[in-house]
Amino acid sequence: MVEQQKSVLMEIKQLTKIFPGVRAVDDVSLTIRKGEVHIIIGENGAGKSTLVKMMAGIYSLNGGEMFIEGEKYEPMNVLQAQKAGINMIHQELNVMPHRTVAQNIYVGREPVKGVLHMVDTKKMNQMCSDLLNSLEIDIDPCMLIKDLSIAQQQMVEVAKAISNNNKLLIMDEPTSSLTHKEIDSLFKMTRKLRDDGVAIIYISHRMQELMEIGDVVTIMRDGCHVGTRRIDEVDMAEIIYLMVGRKIEKVYNRTYNEPGNVVIETQQLTGKRFRNVNMNVRKGEIVGLAGLVGAGRTEIAKAIFGYDAVDSGSLVFNGEEISLKSYSTFDAVQKKISFIPEDRKQEGLCIKMSINDNIVMSALPQLFHNSIVNDRLLSKVSKKGIKDLGIVTTSGNKKVNNLSGGNQQKVVIAKWMVTDSDLFIFDEPTRGIDVGAKAEIYTLMNNIAKQGAGILMISSDLPELIGLADRIYVVKDGELTGEVAQKDFSQEYILGLAL
Amino acid sequence: MNKLIVVLKKVPGLIWGSFLALVVFAILAPKFLNPLNLINILNNSSVLLIIASGMTIAILSGQLDISVGGIATLAAMTAGLYLHNVGDTSAINIILAFVIGILVGMAVGSLNGLLIGVYQYNYWLVTFSTMSISYGLSQVLTNGNIISGYSKMFRNIANHRFLGMPQLVWIALAVVIVIIFITYRTKFGMHIYAIGDSEQCAAQSGINVKRIRFSIFVIAGGLAGLGGVLLVSRTNSASPIIGFGYEFDAIAAVIIGGTPFSGGSGGVIGTIVGTVMLYAIKAGLQLVGFSVYVQQVFIGIFILSIIVVDVINQNRKKEKGSRRVYK
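Just so it is clear, the model here is predicted, and its values are computed rather than measured.

The rules behind the values
- Residues numbered from 1 in each chain as written.
- Chains lettered and ligands numbered in written order.
- Predicted model: local features only at pLDDT ≥ 70, side-chain atom pairs only at ≥ 80, totals over all residues.
- Heavy atoms only, no water.
- Helix = DSSP H or I, 4+ residues; strand = E, 2+ residues; numbered from the N terminus.
- Rg over C-alpha atoms; globule rule 2.2 N^0.38 Å.
- Contact = heavy atoms within 4.5 Å.
- Areas by Shrake-Rupley, 256 points an atom, 1.4 Å probe, with all protein chains shown as cover.
- Lys, Arg positive; Asp, Glu negative; His and termini not counted.
- Charge placed at Lys NZ, Arg CZ, Asp CG, Glu CD.
- Buried area = accessible area lost by both parts, 1.4 Å probe.
- Salt bridge = Lys/Arg side-chain N within 4 Å of Asp/Glu carboxyl O.
- Polar contact = N/O pair within 3.5 Å; in protein donor to acceptor, adjacent residues only side chain to side chain.
- Nonpolar A, V, L, I, M, F, W, Y, C, P; charged D, E, K, R; others polar.
- pLDDT = per-residue confidence, 0-100.
- Phe/Tyr/Trp six-rings, centres within 6.5 Å; stacked < 30°, edge-to-face > 60°.
- Lys NZ or Arg CZ within 6 Å of the ring centre and 35° of its normal.
- Pairing = 2+ DSSP bridges.
- Axes fitted to C-alpha atoms, helices over the stretch in contact; angles between N-to-C directions.

(A) Region of interest: the overall build of chain B. Along chain B, the regular secondary structure elements total 14 helices and 4 strands. Expected size for 327 residues packed as a compact globule is a radius of gyration near 20 Å; at 21 Å, chain B falls within 12% of this value. Over its C-alpha atoms, taken along the principal directions, chain B stretches across nearly 75 × 55 × 35 Å. Of the contacts formed within chain B by residues at least 6 apart in sequence, a portion of 78% connects residues at least 24 apart. Summed over its atoms, the accessible surface of chain B is roughly 15400 Å², and 68% of this surface lies on carbon and sulfur atoms. Separation between the mean location of the 21 positive side-chain charges and that of the 8 negative ones in chain B comes to 11 Å.

Below, the structure written as structure tokens:
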């Protein structure tokens, strides 16, 4: 194969961004070439997002220069970046749910007709369907965005970026909420764009993705650029080593204990999205819940936690049957059940409140017997949580919003550690978290089990389940299709039950 | 035909409920369907319709303007005072009175727009304050007195009949058509929806959010001003409480018409239905024989019960949606 050096689209030189207290990006230089997928990888807080946000005109620079095709490029805002052909797709979807696909794509640039400058809807829909056809996306321009799947919404965002005289497309963890099939079609589109000569910057946490889609990988650590490699010249171990800066000896650090009494048992539990679920979790055990996205795993967990209604069946907690009629999350917390949800930002945390407030949130009645909150006790409890879980922050008064994903997850876990629960339910505990922080979360889970609490763990990451769990239940279309003992663990077997 | 069914399915439950109420009134009080009564309902709705169309674009953008009642009152008092002092028998003065009223409305509206749109203060606090300022100034202008007794020429603006209906109804119709055109057919209108749907997305798509928010409040203010002067023409008196209550009636009309507080969907057409329904129900209750006080209670219960039905309906839809997963 003749490896030609592709032409340079963008050059950034010695970019620096300083936030109060940290150098988020420190003296980073990169070369972005046309027709290449450039992956940026690094632990949480490594400065990946900050770096690309400077390129996309969202953050200003504290130092350094950028050049596009040899010309100096100084975007003051997102619009100027877009005019220069740089578009960014954020991790969170950025769409207008009640508007049509065409309206979303051409918002702000609607074609007009006539003296009265009426919006030419017909022409807009035509332009839109031409655009979608050229990208081989099969979506009707007149559909409302809210009626599309998450993946389709994301494709609309990509289409919007492309229609914008796009030269460089930046994608910040685009696959974090997609299913495997959806990821495939996103990758197909990404490859097509690359072959059309678009430069793509792709931020990811998932190692497999980088091998699958990337041409070049840049590794960042602590705001610094630690290396750029061609994908075909590098192996996984080297990337991990560069990312973490230390060798991770053992990702799954699990000590198995003799399981104790049954903490929770469900009998013929039936709800909206699941039926006749019989399962149990013992003390000191990690029980996995495997299955495809949408199989009903989260719904089962939420029913156990009293968040979703149960239609029939029963729930026995520590040998005592729970009355399901008026069962709510309040009762669940009283009975010492914890739930670490999949969606940290929406469900797990009060994002605008401080770390301290978040950590004590569930334990308030336990900590303060008369309704007055004692600040000293509060910060003592929170300080212990921050220390025990190794949350990286300058102060407990910092807003959770400003923490990286891994640290946010630790805050959620700390919040439940304070309540001293008997049952911890983890829903996708490592989603959107990098390798280093993942290992820390695994260790924490192991410690929780060691201390005698039971853990029910939902995960779409099979190696992770196999590495941690004592037993795995498999869910398919709302029903349990099997209970797999540790000696039978294999990806093929479990997938076979889930499909 | 299929298209019609699709459109009918989109009609919110509130409107179906209102329709049902109308049928009940028609049965209980045969006079209800009398053309005179129907025209009267339209005539009563007109001023609210003008004010509520301004409120609609504010709510579509995801915000509220609770100063519209105050603005209408202030415009009514300024225009009323002007006519009282310069004489209301010349056409030019009358036109000027309308221009003054609308300008007063736009002035307060631009203060709202400046603070909310450009400086991004909270819309509730800002419009609450300007509401208070407007009501206060209205009292100050005449020391709290009512100015009444205007010329036939001025009164005719609202009350003269044209093709069997009071001119006020035609004016309201014209205003609403313009607003419908703006919201459904122009870029500006599309951008109002876009901002209400996702301000972040709109801003990142190159929409000048500040300018559009500013314009929304100027338009809402201007329409409230126009409504205020029309009220004077209609009632033959300018009173410092003339527009009192219109802010919440306008919000109710918009919400009954199917535009949610969250913005981004719904529209002015719904508001027309919502406004007329509101007055039709008032008239119906009156005809059936309830006092004004009882009417208020009924309207509250009525809106509440329809909302409950709407919520139940939505939940049922969601359930259907989740069942579909199993095939």
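(B) Examining the interface of chain A and chain B more closely. At the interface, 28 residues of chain A touch 23 residues of chain B. Together chain A and chain B conceal approximately 2300 Å² of surface at their shared face, both sides included; 57% is due to carbon and sulfur atoms. Joining chain A to chain B, the criterion identifies 0 salt bridges. There are 6 residue pairs in polar contact (both at pLDDT 80 or more) connecting chain A and chain B. Among the elements of the structure, α2 (78-83), α3 (101-105) and β8 (118-119) of chain A are those that each provide at least two residues to the side of chain A that touches chain B. Per-element tally for the side of chain A that touches chain B: the top contributor is α2(A), with 3 residues. Grouping the constituent residues of the side of chain A that touches chain B by class yields 11 nonpolar, 10 polar and 7 charged.

(C) Fine view of the environment of A:Gly348. Residues and elements named next belong to chain A. Note that glycine 348 resides in helix α11 (residues 344-348). In this structure, the C-alpha to C-alpha distance between glycine 348 and leucine 497, residues 149 residues apart in sequence, is 30 Å. Look past the residues within four positions of glycine 348 in its chain and what remains in contact with it is Pro341, Asp343, Val412 and Lys415.

(D) The arrangement of unusual backbone geometry in detail. Look at A:Gln268: it is not a glycine, yet its phi comes out positive at around 50°. Mapping A:Gln268 onto the fold places it in strand β13 (residues 262-271).

(E) Layout of the side chain of A:Thr190. Looking at the element boundaries, A:Thr190 is found in helix α6 (residues 180-195). Among all residues touching A:Thr190, those that are not within four sequence positions of it are A:Val37, A:Met171, A:Ile200 and A:Ile213.

(F) Representation of the confidence of the model for chain B. All names here are of chain B. A residue-level look at chain B finds 92% of positions with pLDDT of 70 or above and a mean pLDDT of 89. Every residue in residues 321-327 scores below 50 in pLDDT, and together they form 9 contacts with partners more than four places removed in sequence or on other chains. With pTM at 0.74, the complex prediction returns an ipTM value of 0.74.

(G) Up close: the confidence of the model for chain A. Mean pLDDT over chain A works out to 86, with 97% of the residues at or above the 70 mark. Here helix α13 (residues 364-367) of chain A stands out as the least confident element of chain A, with mean pLDDT 77; strand β20 (residues 454-458) of chain A is the most confident, with 94.

(H) Spatial organisation of the packing of aromatic side chains. Scanning the entire structure with this criterion turns up 12 aromatic pairs over all chains. A network of ring pairs unites the aromatic residues A:Phe305, A:Phe339 and A:Trp416 as a single cluster. Cation over ring: B:Lys282 sits above B:Tyr279, and NZ or CZ is 5.0 Å from the ring centre.

(I) Up close: the sheet that holds strand β5 (residues 71-72) of chain A. All names here are of chain A. One open sheet holds the 4 strands; their spatial order is β2-β1-β4-β5, and the pairing between them is antiparallel. Each edge of the sheet is formed by a strand with only one pairing partner; in this case those strands are β2 (22-33) and β5. Bridge analysis of strand β4 (residues 63-68) against β5 gives 2 bridges, and the strand direction is antiparallel. Counted as the bridge partner of isoleucine 68 is glutamate 71 from β5. Relative to the sheet, helix α1 (residues 48-55) contacts β1 (8-19), β2 and β4, its axis offset from that of β1 by approximately 120°.

(J) Molecular detail of the pairing of β4(A). Two elements, β1(A) and β4(A), share 5 bridges in a ladder whose sense is antiparallel. Residue pairing in the sheet places A:Glu11 in a bridge with A:Phe67 of β4(A).

(K) Representation of the sheet that holds strand β16 (residues 310-317) of chain A within the structure. Residue and element names in this part refer to chain A. With antiparallel pairing, the 4 strands of this open sheet are ordered in space as β14-β13-β16-β17. Strands with a single pairing partner mark the edges of an open sheet, and in this sheet they are β14 (277-282) and β17 (320-322). For this sheet, the mean inter-axis angle between neighbouring strands, taken without regard to orientation, is 15°. As defined by bridge partners, β13 adjoins β14 across 5 bridges and the pair is classed as antiparallel. Bridge assignment links glutamate 265 to a residue of β14, and that residue is asparagine 280.

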